[in-house]
Structures are given as C-alpha cells and as structure tokens.
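So you can see what is in the structure, the chains are spelled out below.
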Amino acid sequence: MTHLPYIVAAYAIAIGVPLYFTVAVLFRVRSASRRLAAIDTRRERGRT
Amino acid sequence: MDARSSVAPPRSGKTLHRFANPGQFLRLSGKILPWLFWSGGIFVAVSLVWGLLIAPDDWQQGDMVRIMYVHVPFAWLASAGYLSLATCSFLSLVWRHPLADLAAVEIGPVGAGFTAVCLATGSLWGKPTWGAWWVWDARLTSVFVLFLLYLGHIALVRAFDDPTRGYRAGAILALVGVINLPIIKFSVDWWNTLHQPASIGLTGAPTIAASMLWPLLFSAIGFTMLFAAITIARTRAAVMERRIRSLLMAKASAVGGEGRLS
C-alpha cells in the first residue's frame, strides 16, 4: 500500500513553512534597509 | 598589578559585548547570511530528493519512513530553537546584552513555526502508522507544551507598552520553560509511550541503517542552517527597524526643539 498523500503533505509542509519564513524575512530586511538608507540620507542632507 | 588591568572588564564579558554591538552584528550578519541561506537550501534540496527517491523503504513501515527525513530535523530544531531562545533570555537577564532581547523576540515565531511543522508531520506519520492523527502520549504532549511555551513567549513580549518589561517577562517565561526540554528528551524512556524511543543519541552508535542515516543528517544540517539564517536575518531586520525608530524620534525631538525656540 502506498502512503504517497501523507508523504507529499508532510514534505509540502516541511518545505512551505521555512520558505514562507525565508521570503517574509527577505522582504522585511529589504524594506528596513531602504527605509534606513532614506532616513540616513535625509539626515546627511540636513547636516550639510 | 597595573591600574588599567584592575579596572578592565573580564575577558569573556568584553568578547560578549564586542559581538553585542549592533553595527558589528549588521556587518557580520551581512557577510554570513547569503552563505547560510544558499548552503542550507542546497543541503535541504539534496536531502529531500535523497530521502524521497533514493533512500530505501523500511522493512516494517514501508515508504512511510520517508516522513522521518522531514519530521526528525524539525523535532530537533523545535527543542534546539527553544534552547537558543532560553540562552538569549539568560544573556538578556544577566548581562543586559543589547542584541539578546531582539534575538529572543525573533526566535519565538520561527521556533513556533518549526514546532508546528514537527507536530503536523508527526500527525501525518501517526495516522497510517498508529491509526490516529493524535494521541495524548508523553512525547506528543510535551512537544505540544513546547509549542504553547513558544506562543506564550510571543504573546508576552508584545503584551506591555514598555518593550523592556515585555522582554524581561518573556525571558523569565523562557527560562522557566527550559524544564520541558529534558521532559521531551526522556519522555520515551520515563513513560510507556506510543512514540518510538530515540534511534540516534549523543552516546552510543545509531540504531538505523547508514543508508537512512546520511540523508537524515543532511536534512538536519540543511534545516538547521535555514533556521539559523532565518533568525539571524529577522534579528538583522529588527536592529535596523530599531535604528529607524530612534532616528525618527531624534528627528522629531529636534524639530520640536526648533519649534519651541522660534
């Protein structure tokens, strides 16, 4: 007897959850870097 | 004894605080993160293909044993993740380590997610093997308690208006919850459980065949690298977000000061 549906579901969950965390954190880091760069630039301009 | 050496901080504390410097952390994490993500991804891809298509069936469980290559690494990481959360909490409470609070907050959701995967894949393994999705067995129940501890930590650190009080409360909860880790580990020895005992231990030879052990180790290494990469990247984002908040507050107070002067 094959248990393919159970195996496929387990692998899908095991790939899906870390993938979700990875994509989410990459977007978060990119957004934070852009905002930080923008604020720092404005601060530098303010000084000059 | 020279006067400078008598007032110098202890060497271990000095090293800790050097790594606690957010600027140093951002530089270091920026360098290692791409390597961690790519190596972890490659290890996971190889191990999953190996486990799914190449590794042999078990003589008793048949192809169901293939779930082991994803379930076991997540079970290890659920406990290891909590241990890292507790370590950060300890550093936060004892040395007021600047990055430890942020790291603890960022480990929580990842640990909870990985524990949920462990429970879900275990359930998918249990249904065809035991005939039940869930049993209140000592191992399953203690891992479920671990999941609740993660959720409790996530809720507690966000429950206070003053983040510092939230970090302190979360750190105490994390340290108290460490008692659950040996219970998880030894639950299969202390009680008569449906869950099988450990096949791999720190002492003694593993009781599973090498053809199954290697893909399992590859999978464990890969998912561990991904767990580390995700938590380091989340901490990196948290450091930058904290810096953004302080810059905006400094700017707002400067504008407020100018307004009062004019």
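Data block above holds the structure.
Residues numbered from 1 in each chain as written. Chains lettered and ligands numbered in written order. Predicted model: local features only at pLDDT ≥ 70, side-chain atom pairs only at ≥ 80, totals over all residues.

A. Spotlight on the overall build of chain B. Scanning chain B from N- to C-terminus turns up nine helices and zero strands. If you list the helices and strands of chain B from N to C, you get α-α-α-α-α-α-α-α-α. Across the 262 residues of chain B, 37% fall into the buried class. Nonlocal contacts in chain B, meaning residues at least 24 apart in sequence, comprise 76% of its contacts between residues at least 6 apart. (Helix = DSSP H or I, 4+ residues; strand = E, 2+ residues; numbered from the N terminus. Buried ≥ 20, exposed ≤ 12 C-beta atoms within 10 Å, placed from the backbone. Contact = placed C-beta atoms within 7 Å.)

B. Spotlight on the nonpolar core. Counting residues in hydrophobic clusters, the biggest one holds 71 residues, and the most contacted among them are A:Ala10, B:Ile67, B:Phe74, B:Ala78 and B:Ala104. For this core, the secondary structure elements donating two or more residues are α1 (4-47) of chain A together with α3 (22-54), α4 (68-95), α5 (98-130), α6 (138-157), α7 (163-177) and α9 (210-261) of chain B. Of all the elements, α9(B) adds the most residues to this core, at 17 residues. When residues no more than four places from it in sequence are discounted, the contact partners of B:Ile67 are A:Tyr6, A:Ile7, A:Ala10, B:Thr121, B:Leu124 and B:Trp125. (Core = buried A, V, L, I, M, F, W, Y, C linked by C-beta atoms within 7 Å.)

C. Inspection of the interface of chain B and chain A at higher detail. Across the contact, 32 residues belong to chain B and 22 residues belong to chain A. For the side of chain B that touches chain A, the element with the most residues is α9(B), which contributes 13 residues. A breakdown of the residues in the side of chain B that touches chain A according to their chemical character gives 22 nonpolar, three polar and seven charged. (Nonpolar A, V, L, I, M, F, W, Y, C, P; charged D, E, K, R; others polar.)

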